[in-house]
Amino acid sequence: MMETKKLRQADFITSILLILFGAWVLFESFQMPMKGTYGGVKNVWYVSPALLPLIIGGAVVLLGITLLLFSIRTGGAADCIKSFQNIKLRTDVKLERFLAIIIAFVVLVYLFIPRVDFFLSVWFFLSYLTIGFYLDSNEILRKMTLSYLLISIVFLILFSFGLDEQVNSSFKYSTDVVALVSIIVLHLIAYKMAKGSQHTKKKFRLAAVISLIVPLILAPLFRYALLVPLPNEGGIIDLMSLIYYSVR
Amino acid sequence: MPVIDALGLFFSNFFELAMHPGNVLMLFGSVIMGILFGATPGLTATLGVALLTTLTYGMNQGTAMIALLGIYVGGVYGGSYASILINIPGTAAAAATALDGYPLAKAGKGGVALGLTTTASAIGTFVGMLFVVSMSPLISALALQFTSFEFFLLAFFGILISGTLTSPDVTYKGWIAGFLGLFLAVIGRESLQFYARFTFGFSQLEGGIEVVPVLIGAFGIPQIIQTLKDKFIARDTAKFEKILPEWRTIGKHAKHILRSALIGVGIGSVPGIGEDIAGWVSYGAAKNSSKHPEEFGKGSYEAVVSTETANNACIGGAMIPLLNLGVPGSPPAAMLLGALMLHGIAPGPMLRIDHPGFIEQITAILLMASIAMWVAGMLLAKQVVKVLRIPPSIFMPIIGVLCIIGSYALGTKVINLYLMLPVGIICYFLTEMGYPIAPLVIGVILGPMADSNLRRALMVSGGSFAPMFTRPVALVLVIIIALLILSQIPAFRKLMAGIKDKLFSKKQKQNQG
């Protein structure tokens, strides 16, 4: 949890957001059928689908106002306004680490999982996050984040302009090949930064092995033992299926 | 008589389950997994139950319950390892254990402390189990008399009390979290008129938000962000020789064990209040009643025994409202509710009619889990301690992948992932800003119950709220809810303090006279 002074400043901002959110819930609720007939049911206020949302919206607005008054009374609002006036862009290690984690998850969930082979998506994600954090160097994490972002932008362009479909039409697994190359590039970048010290090199090796082993266990476990169809089954999963069904 | 019938059914279930080697194997596997989860700082029993839920999807209901309750019991107990050996609570439930467990470990009594916590946790789970088996017939019989008004008020009370007691900052932050959870619950087509609420035209949202991905996001993602961001470093553990059960010490503290077990069960049965609060309340009660309160914080056996008994007894307590009313007593129980629903079991007053013998089966599993936990704790402590040396930067990304595949696998819908991540990130910020997550989760779970029962109740009464004041249980709930809200208003608190002062001064005058 934040320290008290920062907490009261945050309360000022969240209270405003909560009031706006509550007001929006109320507005949306008033659009819901309150009288007349809907779905064959004659509406009166107490069977309306808006009833609970109205209570929620009203309560959030009320509690938001209470929080706002509390932040004003405790000086959080004044501090917050003051800090807005003297806004300075600072690079904070914790903020960098936070952004690195968020970027890793957002890219995996919204960009890779729906479009790239599940095994490769997870390997790419783990290669970045495990190596980046386990090597315990802000410099390495920064460079890894930049590389991960650049590779993700390349994929974003590929998917946004439909280029993946074009290249996949000539060879089915083209996107997977690009993903595999990206993972190798990411490893090479990390290795180059880690090779200076024996200790870091050892850590890199361990992180790289773990980032490969985990999808190697999880993908077959879910696909063949729990019979869960994976979100995107590309080249590697197809290869696993080929091996699995020929061995079985 | 229903209690004796229940006991008979309980023992037949117990022997039936214990006779299957597959069940025993599953039980030990899940209990050990739970201990590892609990022992690892950053991982919790709730997250363990959440992630295992996915794996139990294909299992039959009995095996799934063994796995889930095993990881739950093991997870709550496992937290004591990190508390005692590295002074970092493995779970919030074991936070109070660290105060006295670590000084004991530093004094070379780590083995004794772990032996005590293992036995105390097993006793706590056992006492909790006794309450489930004996209280359930009475509570479900009472709950059968409930009408929609009572169920709506119960859901509302659950959210409010959970918000009141779990908020680390001002109380109403807990209530805000509860209302945010309720909002998530109303997304989708509602059950009476099938009107689509807050779906923004997305057909994927019309079915509503699935509980399990929301819970995985709420409990998993903030934990991953927090641990990786704050550069949590694995520490060397305090050395210990052998884990000994120390029966004599246990016998000496029988009084504390009994009191703590009762506190644990009592706190567990309050909706949404978890094992952590049980541990702290029990620690406070033990200190207040101790002949040597000055030893607390310096390595007191009384303290360690009290907190560990209470947090494990809380499991049984949390199961009572979960099974009989459909209201989860703690965050892991909330997760368990999601798992039960996945297996086609709707907890509540009708559970005894729809699934006769199910509650007794659950209590039999709880007893088996407490035995398995004790055996695993005594035999595997040295191996379990090794997980404390694994750097979080290695296992947290793996937990991240498990959260993702866990959220996806249940419905094989990518939309669950799209929801899980923002819920997780929002929950991280809420936690940072002093909002508790338990009421949000309780809100998500109890939302549908509150919504449908409120409207059904008003439909029956023709829009009148009068039954809330004429039905005894409803009236009690209304009064408690009103007091909960009013107690947060300074003017009301002042008024109550004034009345109390007047009453006491009158009594004093009478005594003097």
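Residues numbered from 1 in each chain as written. Chains lettered and ligands numbered in written order. Predicted model: local features only at pLDDT ≥ 70, side-chain atom pairs only at ≥ 80, totals over all residues. Heavy atoms only, no water.

1. A look at the overall build of chain A
Scanning chain A from terminus to terminus reveals ten helices and two strands. Taken from the N to the C terminus, the helices and strands of chain A come in the order α-β-β-α-α-α-α-α-α-α-α-α. Taken over C-alpha atoms, the radius of gyration comes to 25 Å for chain A, far larger than the 18 Å a tight globule of 248 residues would show. C-alpha atoms of chain A, sized along the principal axes, occupy 65 × 55 × 35 Å. A total of 248 residues make up chain A; the buried ones form 48% of that total. (Helix = DSSP H or I, 4+ residues; strand = E, 2+ residues; numbered from the N terminus. Rg over C-alpha atoms; globule rule 2.2 N^0.38 Å. Buried < 20%, exposed > 50% of the residue type's maximum accessible area, 1.4 Å probe, protein only.)

2. Points about the pattern of salt bridges
All names here are of chain A. Taken as a whole and judged by the stated rule, the model has 19 salt bridges over all chains. Note that Asp 11 and Arg 8 form a salt bridge whose closest N and O atoms lie 2.9 Å from each other. In this pair, Asp 11 and Arg 8 both sit in helix α1 (residues 4-30), three residues apart, roughly one turn of the helix. Residue Asp 11 shares its accessibility class with Arg 8, and that shared class is buried. (Salt bridge = Lys/Arg side-chain N within 4 Å of Asp/Glu carboxyl O.)

3. With respect to the nonpolar core
Across soluble globular proteins, nonpolar side chains show a tendency to be buried alongside one another. Residues and elements named next belong to chain B. If you look at the biggest cluster of nonpolar residues, it comprises 230 residues, and the most contacted ones within it are Tyr 72, Met 319 and Ile 399. Once residues within four sequence positions are removed from consideration, Ile 399 is found in contact with Phe 37, Leu 43, Leu 47, Leu 51 and Ile 224. Within the second largest apolar cluster, eight residues are counted, among which are Ile 263, Ile 273, Ala 278 and Cys 314. (Core = buried A, V, L, I, M, F, W, Y, C linked by side-chain atoms within 4.5 Å. Contact = heavy atoms within 4.5 Å.)

4. Considering helix α9 (residues 198-225) of chain A
Residues and elements named next belong to chain A. For α9, built from 28 residues, the straight-helix expectation of 40 Å at 1.5 Å per residue is met to within 8% by its first-to-last C-alpha distance of 40 Å. With a side-chain oxygen positioned 3.3 Å from the backbone nitrogen of His 199, the residue opening α9 is Ser 197. Two residues or fewer after α9 comes Leu 227, characterised by a positive phi angle close to 55°. (Expected span 1.5 Å × (residues − 1). Polar contact = N/O pair within 3.5 Å; in protein donor to acceptor, adjacent residues only side chain to side chain.)

5. Section: unusual backbone geometry
Its identity as a non-glycine residue notwithstanding, A:Asp136 has a phi of 55°, on the positive side. Mapped onto the elements of the fold, A:Asp136 is located in the loop between α5 (118-134) and α6 (138-160). Taking relative accessible area as the criterion, A:Asp136 reaches 39% and is therefore assigned partly exposed. With phi around 55°, B:Phe200 is a residue other than glycine that occupies positive phi space. Positionally, B:Phe200 belongs in the loop between β2 (196-197) and α8 (211-229).

6. A word on the interface of chain B and chain A
Across the boundary between the two partners, chain B contributes 64 residues, which contact 68 residues of chain A. Linking B:Asp169 and A:Arg8 is a salt bridge whose minimum nitrogen-to-oxygen distance equals 2.3 Å. For the pair chain B and chain A, the interface holds eleven residue pairs in polar contact (both at pLDDT 80 or more). Broken down by element, the side of chain B that touches chain A gets its largest block of residues, eleven residues, from helix α16 (residues 392-411) of chain B. Each residue belonging to the side of chain B that touches chain A can be placed in one class, and the counts come to 43 nonpolar, ten polar and eleven charged. (Nonpolar A, V, L, I, M, F, W, Y, C, P; charged D, E, K, R; others polar.)

7. Considering the packing of aromatic side chains
In this description, an aromatic ring pair is defined by two values, namely the gap between the centres and the angle between the planes. All names here are of chain A. Tallied over the entire structure, the rule returns 32 aromatic pairs over all chains. With centroids separated by 4.0 Å and ring planes inclined at 15°, the aromatic side chains of Tyr 128 and Tyr 148 adopt a geometry described as stacked. Placement of Tyr 128 in helix α5 and of Tyr 148 in helix α6 is noted, with a sequence separation of 20 residues between them. Members of the aromatic cluster, connected to one another through ring pairs, are Phe 112, Phe 124, Tyr 128, Tyr 148, Phe 155 and Phe 159. The positively charged end of Lys 203 is found above the aromatic ring belonging to Tyr 134, 5.0 Å away from the centroid. (Phe/Tyr/Trp six-rings, centres within 6.5 Å; stacked < 30°, edge-to-face > 60°. Lys NZ or Arg CZ within 6 Å of the ring centre and 35° of its normal.)

8. Focus on the confidence of the model for chain B
Residues and elements named next belong to chain B. Averaged over all residues, the pLDDT of chain B is 85; the fraction at 70 or higher stands at 96%. Averaged over each element, pLDDT in chain B is lowest for helix α1 (residues 2-18) (76) and highest for helix α7 (residues 171-186) (94). Overall fold confidence (pTM) sits at 0.84, and the ipTM for the predicted complex is 0.92. (pLDDT = per-residue confidence, 0-100.)

9. Thoughts on a nonpolar patch on the surface
There is a patch of nonpolar side chains on the surface, built from A:Trp45, B:Phe465, B:Phe469, B:Leu475, B:Ile479 and B:Leu483 and spanning about 550 Å² of accessible area. Ranked by residues supplied to the nonpolar patch, first place goes to helix α20 (residues 472-486) of chain B with three residues. Turning to its location among the elements, A:Trp45 is positioned in the loop between β2 (41-43) and α2 (51-73). (Patch = residues over 30% accessible without salt bridge, like charges linked within 9 Å, V, L, I, M, F, W, Y side chains within 5 Å. Areas by Shrake-Rupley, 256 points an atom, 1.4 Å probe, with all protein chains shown as cover.)

10. Thoughts on the environment of B:Thr199
Residue and element names in this part refer to chain B. Within the secondary structure, Thr 199 sits in the loop between β2 and α8. Between the C-alpha atoms of Thr 199 and Ile 187, which are twelve residues apart in sequence, the distance is 6.3 Å. Beyond its immediate sequence surroundings of up to four residues, Thr 199 is in contact with Gly 188, Leu 205 and Glu 206.

11. Focus: the environment of B:Met129
Residue and element names in this part refer to chain B. Positionally, Met 129 belongs in helix α5 (residues 95-143). The class for Met 129 is buried, based on a relative accessible area of 1%. Here the alpha-carbon distance between Met 129 and Gly 316, two residues 187 residues apart in the chain, equals 5.1 Å. Excluding its chain neighbours within four sequence positions, the residues that come into contact with Met 129 are Phe 10, Gly 316, Thr 363, Leu 366 and Leu 367.

12. Remarks on helix α10 (residues 235-247) of chain A
Here α10(A) is 13 residues long and its end C-alpha atoms lie 18 Å apart, about the 18 Å a rise of 1.5 Å per residue gives. Every buried residue of α10(A) is accounted for by A:Gly235, A:Ile237, A:Met240 and A:Ser241.

13. Brief notes about the packing of helix α10 (residues 254-268) of chain B against helix α12 (residues 301-325) of chain B
The description of two helices packed together rests on the angle between their axes and the distance between the axes. Residues and elements named next belong to chain B. Contact pair α10 / α12: the axes reach a minimum separation of 6 Å and the direction vectors enclose 35°. Seen from above, α10 lies across α12 with right-handed handedness. Residues His 256, Ile 257, Arg 259, Ser 260, Ala 261, Gly 264, Val 265 and Gly 268 of α10 form the contact with α12, whose own contacting residues are Glu 302, Val 305, Ser 306, Thr 309, Ala 310, Ala 313, Cys 314, Gly 317, Ala 318, Ile 320 and Pro 321. Partitioning the contact of α10 with α12 into residue classes produces ten nonpolar, seven polar and two charged. (Axes fitted to C-alpha atoms, helices over the stretch in contact; angles between N-to-C directions. Left-handed = near helix turned anticlockwise from the far one by under 90°.)

14. Remarks on the side chain of A:Thr200
Residue and element names in this part refer to chain A. Mapped onto the elements, Thr 200 comes out in helix α9. Overall, Thr 200 belongs to the buried group, its relative accessible area being 15%. In contact with Thr 200, other than residues within four places in its own chain, are Leu 135, Ile 140 and Ala 194.

15. Some details on the packing of α12(B) against helix α15 (residues 358-384) of chain B
Residues and elements named next belong to chain B. In the contact formed by α12 and α15, the axes pass within 12 Å of each other and the chain directions differ by 165°. Judged on the interaxial angle alone, α15 and α12 are roughly antiparallel. In the packing of α12 onto α15, the handedness of the crossing is right-handed. Between α12, through Asn 312, Ile 315, Gly 316, Met 319, Leu 323 and Asn 324, and α15, the contact on the second element is made entirely by Phe 358, Ile 359, Ile 362, Leu 366 and Met 373. In terms of residue class, the contact of α12 with α15 is built from eight nonpolar, three polar and no charged. (Parallel < 35°, antiparallel > 145°, perpendicular 65-115°, else oblique.)

16. Points about the environment of B:Gly434
Residues and elements named next belong to chain B. Its location among the elements puts Gly 434 in the loop between α17 (414-432) and α18 (438-461). A relative accessible area of 0% places Gly 434 in the buried class. With 30 residues separating them along the chain, Gly 434 and Ile 404 place their C-alpha atoms 26 Å apart.

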